[in-house]
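# Coordinate analysis (summary)
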Amino acid sequence: MNMELATNVSQFGSLVRRHRFRLIEALPWVAIVAVYLLFPTSLALGTQVLIMILFALSLDLLLGYAGITSLGHAAFFGLGAYVAGILTVHGVADPLLGLLISALACAFFGLITGSVILRTHGLPLLMLTLGILLMCAEAANRAVSITGGADGLQGMVVGPLLGFLEFDMRSRVAYCYSAVVLAVVFVFVRTLVHAPFGRMLVGIQLNSLRMSAVGTPVRRRLIIVYAIAGAIAGIAGALNAQTNEFVGPTVLSLELSAGVLTMLIFGGVGRLYGAFVGAAFYMVLHDYLARAEPAYWYLWLGVLLIVVVLYGKGGILGWCDRLYSACFDRSVRRQTPANTKEHGA
């Protein structure tokens, strides 16, 4: 009995240690602070990178942990952007209130659509998510009196953050606002994926039939995580609308859905920090190539994507893991002969 108790305590201790923040996990946050201090003229681009990290994080929760592939994730991003924008136009200028209402609206939309489309899986599910995105885009295009149609939503004036922090032209407040929201959402997602709920999602992704056989309500869990991911994507869309003070039809485009999926593939699926690495890499590369090769930048992006998919399993973080393993194994091999001689002596 004492031995069993000691084993359980040991397992619990190792679980807690595994889920603690490690020192290396501070690197992305140090980089975020460094960008603010070292690149004050690039904070507008930095704000967009932070928003895309948040958007990619929401997709990683679906794809990397629940195994739900979506080509229509921009539907949540666009819905969140339009809700925040419409609220602002009609006098609800508080950014935090707009963020909250957008998240709730997208979560509700996720519950409704998820209860329908998550009856399927594989290619039918992929097509259903794409169909929802196309319907949302056409609805936004036709509702000219509400959304502005093809011209976009006009007349947005976002109020000061917390009542006194005005959004400035140099994007300092927008950058800090986006960074804080990203940090809060990231802590929530990290806690969620390491909780029993997150472990259950991984089990469903690996073998849904077995998880169902042991009593797990598989479809209910998938609907819940679909709604949570939708809410997070809606927060990203609302941030985009508030920091730009404009919402256009591009927030509901297939290009945006494909773009966030590409970001995740570049960084590494199912890694959490893959969203940070992939979104930053994609956005900076996009900015550089769009200026250097404005007519052909998609060509270079496509070539790089093919290389990563074929030869870079796990994306950039996967390459880093393999490089670290190779260096670590080499250092171990160098130390082994000395240790053997010492023991032999």
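Residues numbered from 1 in each chain as written. Predicted model: local features only at pLDDT ≥ 70, side-chain atom pairs only at ≥ 80, totals over all residues. Heavy atoms only, no water.

### Points about the packing of aromatic side chains
Heads up, the condition is: The aromatic pairing rule takes the rings of Phe, Tyr and Trp, using the six-membered ring of Trp, and pairs them if the centres are within 6.5 Å, calling planes under 30 degrees apart stacked, those over 60 edge-to-face and the rest tilted. Secondary structure elements follow DSSP: runs of H or I no shorter than four residues count as helices, runs of E no shorter than two count as strands, and numbering proceeds from the N terminus. Each residue gets one of three labels from its accessible area relative to the maximum for its type: buried under 20%, exposed over 50%, partly exposed in between, using a 1.4 Å probe on protein chains only.
Scanning the model with the defined rule gives 11 aromatic pairs in all. Seen in terms of ring centroids, Phe-186 and Phe-276 are 5.4 Å apart; in terms of plane orientation they differ by 90°. Their pairing is edge-to-face. You can see Phe-186 sitting in helix 8 (residues 172-194) and its partner Phe-276 sitting in helix 13 (residues 273-292), a full 90 residues away along the chain. By relative accessible area, which is 1% here, Phe-186 ends up buried. The interplanar angle of 40° and the centroid separation of 5.3 Å between the aromatic rings of Tyr-273 and Phe-276 together place this pair among those described as tilted. Pair noted here: Tyr-273 and Phe-276 are both in helix 13, with a separation of 3 residues, about one helical turn. According to the relative accessible area criterion, Tyr-273 is buried, its value standing at 13%. Look at Phe-276 and you get buried, because its relative accessible area is 5%.

### A few points about the UniProt feature "transmembrane region" (unreviewed entry) in the protein
Note the following rule: UniProt positions are given in the numbering used here, feature names are shortened, and annotations may be inferred rather than shown by experiment.
Within the UniProt annotation, "transmembrane region" (unreviewed entry) is assigned to residues 99-118, 177-202, 223-241, 261-285 and 297-319. Its end C-alpha atoms 15 Å apart, residues 261-285 is made of 80% helix and 0% strand.

### A closer look at the nonpolar core
Spelled out, the test is: Only buried Ala, Val, Leu, Ile, Met, Phe, Trp, Tyr and Cys residues count toward a nonpolar core, and they belong to the same one when joined by side-chain atoms within 4.5 Å. Contacts between residues were defined by any pair of non-hydrogen atoms, one from each residue, lying within 4.5 Å.
If you look at the biggest cluster of nonpolar residues, it comprises 91 residues, and the most contacted ones within it are Met-52, Leu-54, Phe-55 and Leu-61. With 16 residues, the single largest contributor to this core is helix 3 (residues 43-66). When neighbours within four sequence positions are excluded, Met-52 is seen to be in contact with Phe-77, Leu-256, Met-263, Ala-279 and Met-283.

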